[in-house]
Amino acid sequence: QNAVLTDNIIHTKAKAVAQELGLEDFKASAKWVSRFKERNGINVRVMHGEAGSTDKIMVSIAHAVLPTLLKDTRLRNIYNCDETGVFFRAFNKRSLCTAIRKGLKDAKQRITAMLCCNADESHMLYPTIIGNAKQPRCLKRFNPETVKVLYRWNKNAWMYAARRSCQ
């Protein structure tokens with residue numbers, strides 16, 4: 001279900017099925033694989049997100065148990081917090097072209113953003129931005145307190161531990 005499918009896997013499986021069926025002259029050529037993909041609507045897609053790594057059994061257990069655990073809890077006391085990495089100098093990996101073009105090296109400069117609020121949206125914590133410079137040159141005159149943003153830094157712009165207090 002969440003496996004990566006390649007032309008080589010289709011080729012190998014097709015040859016195995018042909019052998020089971022006794023088709024000795026079947027070659028599963030590159031042209032055959034290409035036509036098989038076209039007939040079955042198989043296209044190259046960029047896989048993204050983390051939904052494929054979700055443990056479905058644990059999710060179903062949580063759906064069954066959480067309502068009883070949270071029945072006496074007010075929505076204002078339930079918080080959701082998440083972080084995301086922003087590669088702010090990255091180029092789009094796809095482009096419309098009339099001919100093959102060379103790709104570009106991936107840009108590694110990143111910041112990490114963390115956002116958090118409670119379930120009834122009555123309390124939203126200030127966004128936290130984590131960069132890799134103690135005082136970035138581009139933000140020389142920037143004062144995070146004036147825009148209600150917490151700025152932290154470390155060498156990799158990663159979030160190692162939640163070190164926050166409620167505002």
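Here the structure is shown first, and the text comes after it.
An account of the accompanying structure is given in this report. Please read these numbers as outputs of a predicted model, since none were measured by experiment.

## Quick look at the pattern of salt bridges
Here is step 1 of the chain: Evaluated as defined, the whole model comprises one salt bridge.
Here is step 2 of the chain: For lysine 37, the salt bridge identified is with aspartate 7, shortest N-O distance 2.8 Å. Here aspartate 7 lies in helix α1 (residues 7-20) and lysine 37 lies in helix α2 (residues 30-39), a separation of 30 residues in the sequence.

## So, the packing of aromatic side chains
Here is step 1 of the chain: Applying the stated criterion across every chain yields a total of two aromatic pairs.
Here is step 2 of the chain: For the ring pair phenylalanine 26 and tryptophan 32, a centre distance of 5.2 Å and an interplane angle of 90° mean the geometry is edge-to-face.
Here is step 3 of the chain: Ring geometry for tryptophan 32 and phenylalanine 36: centres 5.2 Å apart, planes at 20°, overall stacked. With a gap of four residues between them, tryptophan 32 and phenylalanine 36 both fall in helix α2, about one helical turn apart.
Here is step 4 of the chain: Among the aromatic residues, ring-to-ring pairing joins Phe26, Trp32 and Phe36 into one connected group.

## Here's the deal with the packing of α1 against α2
Here is step 1 of the chain: It is at 10 Å that the axes of α1 and α2 come closest, and there the two elements cross at 100°. Regarding the angle of α1 to α2, the classification is roughly perpendicular. Residues Asp7, Ile10, His11 and Ala14 of α1 form the contact with α2, whose own contacting residues are Trp32, Val33, Phe36 and Lys37.
Here is step 2 of the chain: Of the residues belonging to the contact of α1 with α2, the class tally is five nonpolar, one polar and two charged.

Rules and cut-offs
- Residues numbered from 1 in each chain as written.
- Predicted model: local features only at pLDDT ≥ 70, side-chain atom pairs only at ≥ 80, totals over all residues.
- Heavy atoms only, no water.
- Salt bridge = Lys/Arg side-chain N within 4 Å of Asp/Glu carboxyl O.
- Helix = DSSP H or I, 4+ residues; strand = E, 2+ residues; numbered from the N terminus.
- Phe/Tyr/Trp six-rings, centres within 6.5 Å; stacked < 30°, edge-to-face > 60°.
- Axes fitted to C-alpha atoms, helices over the stretch in contact; angles between N-to-C directions.
- Parallel < 35°, antiparallel > 145°, perpendicular 65-115°, else oblique.
- Contact = heavy atoms within 4.5 Å.
- Nonpolar A, V, L, I, M, F, W, Y, C, P; charged D, E, K, R; others polar.

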